[in-house]
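# Chain and residue survey
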Amino acid sequence: MKIKMKFVLISIFIFVLVCNPIVANAINTGFLTSELSEEDQIYFVKNIELRLIESEPPKSSVVCFDVNEKQMIAVVQNSSDRKVVCVYSSDGSFQYGYTFYCSGTFGVEWDNDKLNIYFVRSDVIISLDSDGDILDIKSVQDTIDNNSYRNSLLYSTTRTVGDTTFLIRNDMGILNCIATSYSQIVIKDVSGTENVIYDVNSTQLLKTLLITIFVFVFVIVAIIIVFRPVIKSMRIKIRSR
């Protein structure tokens, strides 16, 4: 039975390698990592169903991003079950991207021309090339330093390459304080001149307004339902006097 199971696992691993090969190439990351078993690698790759994107998908708001030395920008888009990462040049031209399944939060990290994707819930990081090939898979250790680096990776709104600053932001006035993602990617040069290369502000504004209205109405209705018995009781007491 054990021999049969081992044969099945080896067969699956070979199939995964053929469909999406894992090339032996040490991952370069800011995280402290450890080896992931062959079985866990097979399971992880099978579950995320990674695919290369060659045509630009509809833009959506930005969750987080990273920029490499060639000023290529990896953008984590706000999406549902099947996640999307798109790579853009500094003039906002789409280059390629990836789509995959992920039930939790994830971040991106450049390693020269390779892109690392860190899956927070699984504590797994993978290295990808521009063809969508998985170059390496590692387990991210649970350490204080890794937690600090993870926060920087996921929540930093600025990246600097040379004299150029890249930032993600919203332009929705007072509604900026309740937005959970960002609508613009802006490049700022050394003189302070700004160039917006990614902009979904109109869509983000509409969604935020609708959510705000829904929450406001929900709260009002909840207050009415909760306090209706109290109001009725007060009315009865007033009438009985």
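The preceding data block contains the structure.
The following refers to the structure shown.

Before going further, it helps to spend a moment on the sheet that holds strand β12 (residues 164–169). A sheet is described by the order of its strands in space; here four strands give the open sequence β11-β12-β13-β14, paired in antiparallel fashion. The open sheet has two free edges, formed respectively by β11 (158–161) and β14 (194–199), since each of these has just one partner strand. The sheet shows a mean angle of 20° between the axes of neighbouring strands, direction not considered.

Most of strand β5 (residues 82–88) is tucked away: seven of the seven residues are buried. Side chains R82, V84, C86 and Y88 of β5 all project onto a buried face; the interleaved residues K83, V85 and V87 project onto the opposite face, where all are buried too. The sheet contact formed by strand β4 (residues 73–77) and β5 spans five bridges and is antiparallel. Pairing of I73 across the sheet is with Y88, part of β5. Once β4 ends, the chain turns through four residues before running back antiparallel as β5. The pairing of β5 with strand β6 (residues 94–101) spans seven bridges and is antiparallel. If you follow V87 over to β6, its bridge partner there is Y96. Hairpin connection, β5 to β6: the antiparallel pair is bridged by five residues, and G92 has positive phi, about 85°.

Computed from the structure, the largest pocket encloses a volume of approximately 280 Å³. Lining the largest pocket are 17 residues, and of these V63, V76, T105, F106 and T180 lie nearest its centre. Listed by contribution, the elements that provide at least two residues to the lining of the largest pocket are β4 and α3 (144–155). Taken together, the residues of the lining of the largest pocket sort by class into eight nonpolar, eight polar and one charged.

Reading the values: the criteria
- Residues numbered from 1 in each chain as written.
- Predicted model: local features only at pLDDT ≥ 70, side-chain atom pairs only at ≥ 80, totals over all residues.
- Heavy atoms only, no water.
- Pairing = 2+ DSSP bridges.
- Helix = DSSP H or I, 4+ residues; strand = E, 2+ residues; numbered from the N terminus.
- Axes fitted to C-alpha atoms, helices over the stretch in contact; angles between N-to-C directions.
- Buried < 20%, exposed > 50% of the residue type's maximum accessible area, 1.4 Å probe, protein only.
- 1 Å grid on protein atoms, 1.4 Å probe; cavity = no way out; pocket = protein on both sides within 12 Å on 5 of 7 lines; lining within 4 Å.
- Points joined across faces, edges and corners; volume = space filled by probe spheres on them.
- Nonpolar A, V, L, I, M, F, W, Y, C, P; charged D, E, K, R; others polar.

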